Amino acid sequence: PLPLFCSVVLMCFSFSYTLDNNLLTTEQRQFYEENGYLVIRKLVSDEDIERFRKEFIRICNKEVKPLGAMIMKDQVLRSQSAPSEKTVNKVQDFQEDEELFRYCTLPQVLKYVECFTGPNIMAMHTMLINKLPDSDKQTFRHPMHQDLHYFPFRPPERIVCSWTAMERAHRDNGCLVVLPGTHTEPLKPHGYPEGESANKLFHGILDLEENSPRVHVVMEKGDTVFFHPLLIHGSGVNKTSGFRKSISCHFASSECHYIDVKNTVQEDIEKETVEVARAKFNVTSLDLKDIWSFRARLVQGERINL
């Protein structure tokens, strides 16, 4: 009777956040449904990671200048004339850099992405993060946040982040920290943490319950975590003398649609994002949808809405 009971329970278990395409096991799907994230070990090869690392160094050294990429330097170190890798903490929007964008087209990554988005896949937001050894001000700590805060497209169930460790990520060098199960909660108000020095656009949830159970996601080089855009997550400080690099992309089904975020909890991030983009590209007429349309690239299937 027990096996029959188990099979009935599985039949009754409804999957809201994953799609059935025979890649994920039932256990993996259940884990993601309940927790909002899933780690796949050794998904990206050492060879690919080395190529991404070399391209990051070339960008830091200004040997290549990808169109539209935002090279973000820590606000504390901007005035220092240190070698670039020691000051650049993020390359964002690398969709026009052929070498880094290869990450978003890796077949082994896309086959997992399809379990969340379906077959028509857009690469929406790209980042290579170089978590630097931290100063006393702890400016490299990314406060706990939900990625959907930044995104003016829905539904969230058809959006997923793929985040790959480019070297071992652990508590001492500021690995990802997640609050399991929070992907089932609504989008919360975000802003800059009060009384803290924070980098531009590093927003955090304003009224976070500090005692929420947290999981430190320890990952080896090449391990990849897929997580839901409403999952509350962040990263700690890097207490080591080395760098902690990761490469990531937010993917969405091309069947997702843009929404108007005015008069919502996303209104402030819209203003700030548009201001930054207008200053960067020296244009006056640019809205949030324009910015995301520029970032978005089809990587599999058909482009429908996004």
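Residues numbered from 1 in each chain as written. Predicted model: local features only at pLDDT ≥ 70, side-chain atom pairs only at ≥ 80, totals over all residues. Heavy atoms only, no water.

The name an unreviewed UniProt entry assigns to the protein is Phytanoyl-CoA dioxygenase, peroxisomal, from the organism Nothocercus nigrocapillus. The Sequence similarities (unreviewed entry) comment attached to the protein in UniProt states, word for word, "Belongs to the PhyH family." Listed under Pathway (unreviewed entry) in UniProt, the entry text for the protein is "Lipid metabolism; fatty acid metabolism." (UniProt positions renumbered as here; feature names shortened; annotations may be inferred.)

## Comments concerning the sheet that holds strand 8 (residues 176–178)
Strand order in the open sheet made by the four strands is 5-13-8-11, with antiparallel pairing throughout. For this open sheet the edge positions go to strand 5 (142–145) and strand 11 (215–217), each flanked by a neighbour on one side alone. Within this sheet the neighbouring strands show an average axis-to-axis angle of 25°, counted without direction. The pairing of strand 8 with strand 13 (residues 233–235) spans three bridges and is classified as antiparallel. Bridging across to strand 13, Val 177 finds its partner in Gly 234. (Pairing = 2+ DSSP bridges. Helix = DSSP H or I, 4+ residues; strand = E, 2+ residues; numbered from the N terminus. Axes fitted to C-alpha atoms, helices over the stretch in contact; angles between N-to-C directions.)

## A closer look at empty space enclosed by the protein
Counted under the stated rule, the structure contains three cavities of 30 Å³ or more. Here the largest cavity is characterised by a volume of approximately 480 Å³. The set of elements that each furnish at least two residues to the lining of the largest cavity consists of strand 3 (88–92), strand 4 (121–131), strand 5, strand 7 (159–165), strand 13, strand 14 (244–253) and helix 7 (288–295). For the lining of the largest cavity, the element with the most residues is strand 4, which contributes five residues. Residue composition of the lining of the largest cavity, by class: 14 nonpolar, twelve polar and six charged. (1 Å grid on protein atoms, 1.4 Å probe; cavity = no way out; pocket = protein on both sides within 12 Å on 5 of 7 lines; lining within 4 Å. Points joined across faces, edges and corners; volume = space filled by probe spheres on them. Nonpolar A, V, L, I, M, F, W, Y, C, P; charged D, E, K, R; others polar.)

## Some remarks on the packing of helix 6 (residues 267–281) against helix 7
The interhelical angle for the contact between helix 6 and helix 7, taken along N-to-C directions, is 65°, at an axis separation of 9 Å. When the axes of helix 6 and helix 7 are compared, the crossing they make is left-handed. Between helix 6, through Glu 270, Thr 273, Val 274, Ala 277 and Phe 281, and helix 7, the contact on the second element is made entirely by Leu 288, Ile 291 and Phe 294. When its residues are assigned to classes, the contact of helix 6 with helix 7 shows six nonpolar, one polar and one charged. (Left-handed = near helix turned anticlockwise from the far one by under 90°. Contact = heavy atoms within 4.5 Å.)

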